[in-house]
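Reading the structure
One-letter residues, chain by chain:
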Amino acid sequence: MPRQSFPRRLRLLTAGDYRQVFENASFKVHGKGLMALATPNDLGHPRIGLVISKKSLRRAVDRNRVKRLVRESIRFQQHRLPAVDIVILSRRGVGDLDNETLHRQLFGMWRRLTREAQKTPAGHPSSSVAPSSSDRSPRKHEHIPSQG
């Protein structure tokens, strides 16, 4: 039986690790109250980072419960996940979910993330995430008002 621990190698540890995922997210998976952004890595195993905001969960005890459940879920699913860096973001409504529902949400998110990562050839980011408006030039059909 594989080890079910959550060592440092499975965590995003630095601001640069998080920035890399936010700027180069190839995959985006939504769940009720949660969203996962992911980008492929060359490490051969997944890494995870958590961004559980006060805006979505006011009380620290609620934020810690969600973090604990996400960590537990990743511990059990780490051997099935592709080699990606994942950032889990909390959204409004996550505090309304009970533990069982949150586990089901996370399991579904991991399954969808794995499916998306397998569809995408290695080294070719998915086109499912559109570039931000500041990163792209206007398309033919978009009209830019002249300044004058």
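Here we summarise the structure given alongside this text. (Residues numbered from 1 in each chain as written. Predicted model: local features only at pLDDT ≥ 70, side-chain atom pairs only at ≥ 80, totals over all residues. Heavy atoms only, no water.)

**Considerations on the overall build of the protein chain**
- Looking only at helices and strands, one finds 3 helices and 4 strands in the protein chain.
- Starting at the N terminus and ending at the C terminus, the protein chain contains elements arranged as α-β-β-β-α-β-α.
- Every one of the 148 residues in the protein chain was classed for burial, and the buried ones make up 40%.
- Taking contacts inside the protein chain between residues at least 6 apart in sequence as the whole, the part at least 24 apart equals 78%.
- A total accessible area of about 9,600 Å² is found for the protein chain, and carbon and sulfur atoms account for 49% of it. (Helix = DSSP H or I, 4+ residues; strand = E, 2+ residues; numbered from the N terminus. Buried < 20%, exposed > 50% of the residue type's maximum accessible area, 1.4 Å probe, protein only. Contact = heavy atoms within 4.5 Å. Areas by Shrake-Rupley, 256 points an atom, 1.4 Å probe, with all protein chains shown as cover.)

**Overview of the pairing of strand β3 (residues 47-51)**
- Across 5 bridges, the pairing between β3 and strand β4 (residues 84-90) is parallel. Across the sheet, residue Ile 48 finds its bridge partner in β4, namely Ile 86.
- In this fold, the crossover linking β3 to β4 by way of helix α2 (residues 60-77) has left-handed handedness. (Pairing = 2+ DSSP bridges. Right-handed = clockwise from strand over helix to strand, strands pointing away.)

**Let's talk about the nonpolar core**
- Membership of the largest hydrophobic core comes to 26 residues, with the highest contact counts inside it found for Leu 34, Ile 48, Val 66, Ile 86, Ile 88, Leu 102 and Trp 110.
- If you list the elements that add at least two residues to this core, you get β1 (27-31), β2 (34-40), α2, β4 and α3 (99-119).
- Residues within four places of Ile 48 in sequence aside, it is in contact with Phe 6, Leu 10, Arg 11, Leu 12, Val 70, Ile 74, Ile 86, Ile 88 and Trp 110.
- Counting residues in each nonpolar core, the second largest holds 8 residues, with Tyr 18, Val 21, Leu 37 and Leu 89 among its members. (Core = buried A, V, L, I, M, F, W, Y, C linked by side-chain atoms within 4.5 Å.)

**Concerning the sheet that holds β4**
- In spatial order, the strands read β1-β2-β4-β3; together these 4 strands make up an open sheet with mixed pairing. The sheet is open, and its two borders are formed by β1 and β3, each paired with just one other strand. Direction aside, the axes of adjacent strands within the sheet are offset by 20° on average.
- Sheet strands touched by α3: β1, β2, β3 and β4. Its angle to β1, the strand with the most contacts, is close to 155°. (Axes fitted to C-alpha atoms, helices over the stretch in contact; angles between N-to-C directions.)

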